[in-house]
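One letter stands for each residue in the lines below.
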Amino acid sequence: QVQLVESGGDLVQPGGSLRLSCTASVASGSVPWLDTMGWYRQTSGKERELVALLTRGRDPRYQEAVEGRFTISRDNARNTVYLQMNSLKSDYSALYSCYARSGNAKFWGQGTQVTVST
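Residues numbered from 1 in each chain as written. Predicted model: local features only at pLDDT ≥ 70, side-chain atom pairs only at ≥ 80, totals over all residues. Heavy atoms only, no water.

## A few points about the packing of aromatic side chains
Each aromatic ring pair is specified by the distance between its two centres and by the angle formed by the two planes.
So, step 1. Scanning the model with the defined rule gives four aromatic pairs in all.
So, step 2. Ring centres 5.6 Å apart and planes at 70 degrees place the aromatic pair Tyr40 and Tyr99 in the edge-to-face group. On the criterion of sequence distance, the pair formed by Tyr40 in strand β4 (residues 36-42) and Tyr99 in strand β9 (residues 94-102) is long-range, its members being 59 residues apart. One exposure class covers both Tyr40 and Tyr99, and it is buried.
So, step 3. Here Phe70 and Tyr92 contribute two aromatic rings whose centre-to-centre distance is 5.4 Å and whose plane-to-plane angle is 75 degrees, an arrangement assigned as edge-to-face. Taken as a pair, Phe70 in strand β7 (residues 70-75) and Tyr92 in the loop between β8 (80-85) and β9 lie far apart in primary sequence, 22 residues in all.
So, step 4. Residue Phe70 is classed as buried on the basis of its relative accessible area of 2%.
So, step 5. Owing to a relative accessible area of 1%, Tyr92 belongs among the buried residues under this scheme.
So, step 6. One aromatic cluster is present, built from ring pairs that chain together Tyr40, Tyr99 and Trp108. (Phe/Tyr/Trp six-rings, centres within 6.5 Å; stacked < 30°, edge-to-face > 60°. Helix = DSSP H or I, 4+ residues; strand = E, 2+ residues; numbered from the N terminus. Buried < 20%, exposed > 50% of the residue type's maximum accessible area, 1.4 Å probe, protein only.)

Structure, rendered in structure tokens:
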């Protein structure tokens, strides 16, 4: 079973920046090839929504509202995906969860909280 652990969530003022990280690991053996890694977010009482996704052989996919502000990247050697978030707005506050897919298997992290506020 692949475990996804996020980090980087914090309290930040509007207009600030934050970088989220997510690292995949397994209890033993090697991490399988992850075709897709990305980020979703969810606010209490709302459905989880796509933020950014990176799939092998394809351009990054972003939620329209954040495109141009957020940048997703991946370090395959470290089994890590990043989300650079700039020009943060208060409505971006949410629990950001890491997602990965290997074939038909899907994995989710516990999430890291991002709060944009004065």
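## As for the state of the cysteines
So, step 1. Applying the stated rule across the entire model yields one disulfide.
So, step 2. What pairs with Cys22 in a disulfide is Cys98, and their sulfur atoms sit 2.0 Å apart. On the S-S bond that ties Cys22 to Cys98, the torsion sits near -85 degrees, and the link is left-handed. On the criterion of sequence distance, the pair formed by Cys22 in strand β3 (residues 18-25) and Cys98 in strand β9 is long-range, its members being 76 residues apart.
So, step 3. Residue classification places Cys22 among the buried positions, given a relative accessible area of 0%. (Disulfide = S-S within 2.5 Å.)

## Remarks on unusual backbone geometry
Backbone phi values are negative for most residues with the exception of glycine, while trans is the configuration of most peptide bonds.
So, step 1. One non-glycine residue with positive phi stands out, namely Asn79, at about 50 degrees.
So, step 2. Relative to the assigned elements, Asn79 resides in the loop between β7 and β8.
So, step 3. Phi is positive for Ser87, close to 50 degrees, though the residue is something other than glycine.
So, step 4. Mapping Ser87 onto the fold places it in the loop between β8 and β9.

## Regarding the pairing of β9
So, step 1. The element β9 is largely enclosed, with a buried count of seven among its nine residues.
So, step 2. As defined by bridge partners, β9 adjoins strand β11 (residues 112-116) across three bridges and the pair is classed as antiparallel. Paired with Leu95 across the bridge in β11 is Gln113.
So, step 3. Judged from the four bridges that link them, β9 and strand β10 (residues 105-108) form a sheet pairing that is antiparallel. Paired with Tyr99 across the strands is Trp108, a residue of β10. (Pairing = 2+ DSSP bridges.)

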